[in-house]
Amino acid sequence: MSKLTRFGISLEGPLLKQFDQLIHKKGYSNRSEALRDLIREKIVTEKTEYDDTELFGSLMYIYDHHKRELEKSLSNIQHKHYGNIIASTHVHIDHDNCLEVILLRGKAAELKNLAERLLSFNGVKNGKLSLTTPLLKRRN
Ligand code: NI
């Protein structure tokens, strides 16, 4: 565990008040931990936007079970990118809708490209890609 460094921050009163309200709502016990999480989140966001390092992600989408050939097309693309796919889960939501969650690993550009291809099919709805990296550890 690395040593903590203290530093001061100057904020306008109204901004600090809003920050305190936000962190109270989110359940933080102090400003330092909230700020650490904000900084980590920003760094991870930057990495997932620009870096060439390996990332992990999940892609979740709902699609129309009755759309002809859609399931096959989605599966074909997943097989083509098997190197980026760790696991996938399929849930039959109801008579008409399927949910898939795919766990991914790879470079940001590869994962975003794969997600865009899967989500662009007619009949795929409510898709969301989430990326992260294990490079930043929480202090706990
Ligand atoms: Ni299904």
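Scroll up to find the structure.
In this report, the structure presented in the accompanying data block is examined.

Calculation criteria
- Residues numbered from 1 in each chain as written.
- Predicted model: local features only at pLDDT ≥ 70, side-chain atom pairs only at ≥ 80, totals over all residues.
- Heavy atoms only, no water.
- Donors = N, O, S within 2.8 Å, 3.2 Å for Na, K, Ca; no water.
- Axes fitted to C-alpha atoms, helices over the stretch in contact; angles between N-to-C directions.
- Helix = DSSP H or I, 4+ residues; strand = E, 2+ residues; numbered from the N terminus.
- Parallel < 35°, antiparallel > 145°, perpendicular 65-115°, else oblique.
- Left-handed = near helix turned anticlockwise from the far one by under 90°.
- Contact = heavy atoms within 4.5 Å.
- Nonpolar A, V, L, I, M, F, W, Y, C, P; charged D, E, K, R; others polar.

### Overview of the coordination of the nickel ion
Item 1. With distances of 2.0 to 2.4 Å, the protein atoms coordinating the nickel ion are H90 (NE2), H92 (ND1) and C98 (SG).
Item 2. For the nickel ion, all donor residues lie on one chain, and their spacing in sequence is H-x1-H-x5-C.

### Remarks on the packing of helix α3 (residues 70–80) against helix α4 (residues 108–119)
Item 1. Relative to each other, α3 and α4 sit at 165°, their axes nearing to 10 Å. Between α3 and α4, the angle is such that the two are roughly antiparallel. The crossing of α3 and α4 is right-handed. Between α3 and α4, the residues in contact are L74, I77, Q78 and K80 and L114, R117 and L118, respectively.
Item 2. The residue makeup of the contact of α3 with α4, split by class, is 4 nonpolar, 1 polar and 2 charged.

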